[in-house]
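Chain by chain, the residues run as shown.
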Amino acid sequence: MAFDDFLGNRPILETVRSQLASCRLPHSMLFTGVSGIGKWTLAQFIAKACNCLRLKDDFCNGCPNCQRISENAHPDVKNVAPEGQFIKIDQMRSLSREVFFKPFEGKCRIFIMDEAEKLRDEAANSILKTLEEPPDTSILILITSRPNDLLPTIRSRCQMYPFAPLPLADVELLLQGRTSYSSEERQLLARIAGGSLGKAVTIDLAEYRRQRDEMLALLEACSRNFLYANAARAASGWLDKRKQAEFDSKTGILFTLLRDLFLLKAGAETQALTHADIAGKLATLSSLYSINQLMNATQSLDHLEAGMRRNLNRGLAADQFVLRLGGVTSNP
Ligand SMILES: [Zn+2]
């Protein structure tokens, strides 16, 4: 394992390597991008490259320093994570102190802060000065999938490295080494995870397919000879109040199914679909809907999802979705 083994995001990797080689690595870095695409891994690689006993500007993964960094047991490499819901001000106060310690054993102290969006304002404000002028012997790496939730004053003090989702082929390849899924299943996982390996490995594919079947049944019930009672029955599992987590994931599935129906209407190739494995079924469904029905339904689904955070009456909003998808009502 070394820098060359890093997958995806080559421009970022090359930038970091050249900054390391020229001793110009910024001391306050911000890694952004969806979760599961290698942000934390690259931060670990940097920690190793800065402290490896055998290699310069790269790492061997075998020396005592590299090994202890892998085990999160090196005194000069510190991982900071939320305690409970937030990263707290006490954590930031001790970080601000420790940043100024000389390295105990290695060459450089590295502080990796995952989920940096969970810094509350007070905690964030307390490290502004540290981020602005860290000592030469310390590097702070902030990681977030939601950079817009960070205070602008934090963002402006760090050099930003925007990570992109991994190419689907890379995710499929990595899944091959880690799971026993078939090639078709790996393809589906890579697509529904949107290029995030971290997400792909946590998806329970059997459960995902069960929920997708339920959402397909809802789309079918709304498509032909629309009857409200049939559609409401098909939606009942989705709206079950005892299954809040399922509601969220089923809503996500509905979005991707509707998107595929749109793409098919627009004449897209099977390869462009998220649910390419059921392209035939989706092509039939797509022919039963008008563009307007699909657009109206997607709008209501947006409204429903946004409203969930404001305690919108879910039943009413879902009715609206079903009626619009069924072509009974359109935009007000
Ligand atoms: Zn090493």
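Residues numbered from 1 in each chain as written. Predicted model: local features only at pLDDT ≥ 70, side-chain atom pairs only at ≥ 80, totals over all residues. Heavy atoms only, no water.

## Examining the coordination of the zinc ion
Distances from the zinc ion to its protein donors, Cys52 (SG), Cys60 (SG), Cys63 (SG) and Cys66 (SG), fall within 2.3 to 2.4 Å. In this structure, the zinc ion is surrounded by four donor atoms whose angles at the metal cover 103 to 118°, and the resulting shape is tetrahedral. Along the chain, the residues that donate to the zinc ion are spaced as C-x7-C-x2-C-x2-C. (Donors = N, O, S within 2.8 Å, 3.2 Å for Na, K, Ca; no water. Tetrahedral: all angles 85-135°; square planar, octahedral: opposite > 155°, others 65-115°.)

## Describing the sheet that holds strand E5 (residues 159-162)
With respect to topology, five strands assemble into an open sheet ordered E2-E3-E4-E1-E5, the strand pairing being parallel. Whereas interior strands pair on both sides, the edge strands pair on one side only; in this sheet they are strand E2 (77-80) and E5. When the angles between neighbouring strand axes are averaged without regard to direction, this sheet yields 20°. Pairing of strand E3 (residues 109-113) with strand E4 (residues 138-144), which is carried by five bridges, proceeds in the parallel orientation. Bridge pairing links phenylalanine 111 to leucine 140 in E4. (Pairing = 2+ DSSP bridges. Helix = DSSP H or I, 4+ residues; strand = E, 2+ residues; numbered from the N terminus. Axes fitted to C-alpha atoms, helices over the stretch in contact; angles between N-to-C directions.)

## Comments concerning the packing of helix H11 (residues 205-221) against helix H13 (residues 244-265)
Running from N to C, H11 and H13 point in directions that differ by 60°, and their axes come no closer than 9 Å. Our classification of the angle between H11 and H13 gives oblique. In this structure, H11 meets H13 at a crossing whose hand is right-handed. Contacts between H11 and H13 involve Glu207, Tyr208, Arg210, Gln211, Arg212, Glu214, Met215, Leu216, Leu218 and Leu219 on the former and, on the latter, Glu246, Ser249, Lys250, Ile253, Leu254, Thr256, Leu257, Leu258 and Leu261. Of the residues contributing to the contact of H11 with H13, the split by class is 10 nonpolar, three polar and six charged. (Parallel < 35°, antiparallel > 145°, perpendicular 65-115°, else oblique. Left-handed = near helix turned anticlockwise from the far one by under 90°. Contact = heavy atoms within 4.5 Å. Nonpolar A, V, L, I, M, F, W, Y, C, P; charged D, E, K, R; others polar.)

## Focus on the nonpolar core
Of all hydrophobic cores here, the largest spans 79 residues; its most connected members are Phe31, Leu42, Leu218, Trp238 and Phe321. Ranked by residue count, the leading element in this core is H13, at eight residues. Counting residues domain by domain, this core receives three or more from each of domain 1 (3-162) and domain 2 (204-325). When sequence neighbours within four positions are dropped, the list of residues in contact with tryptophan 238 reads Glu214, Met215, Leu218, Phe247, Lys250, Thr251, Leu254, Leu301, Leu304, Ala318 and Phe321. Counting residues in hydrophobic clusters, the runner-up holds 21 residues, among them Ile89, Met92, Met113 and Leu131. (Core = buried A, V, L, I, M, F, W, Y, C linked by side-chain atoms within 4.5 Å. Buried < 20%, exposed > 50% of the residue type's maximum accessible area, 1.4 Å probe, protein only. Domains from an automatic or database assignment.)

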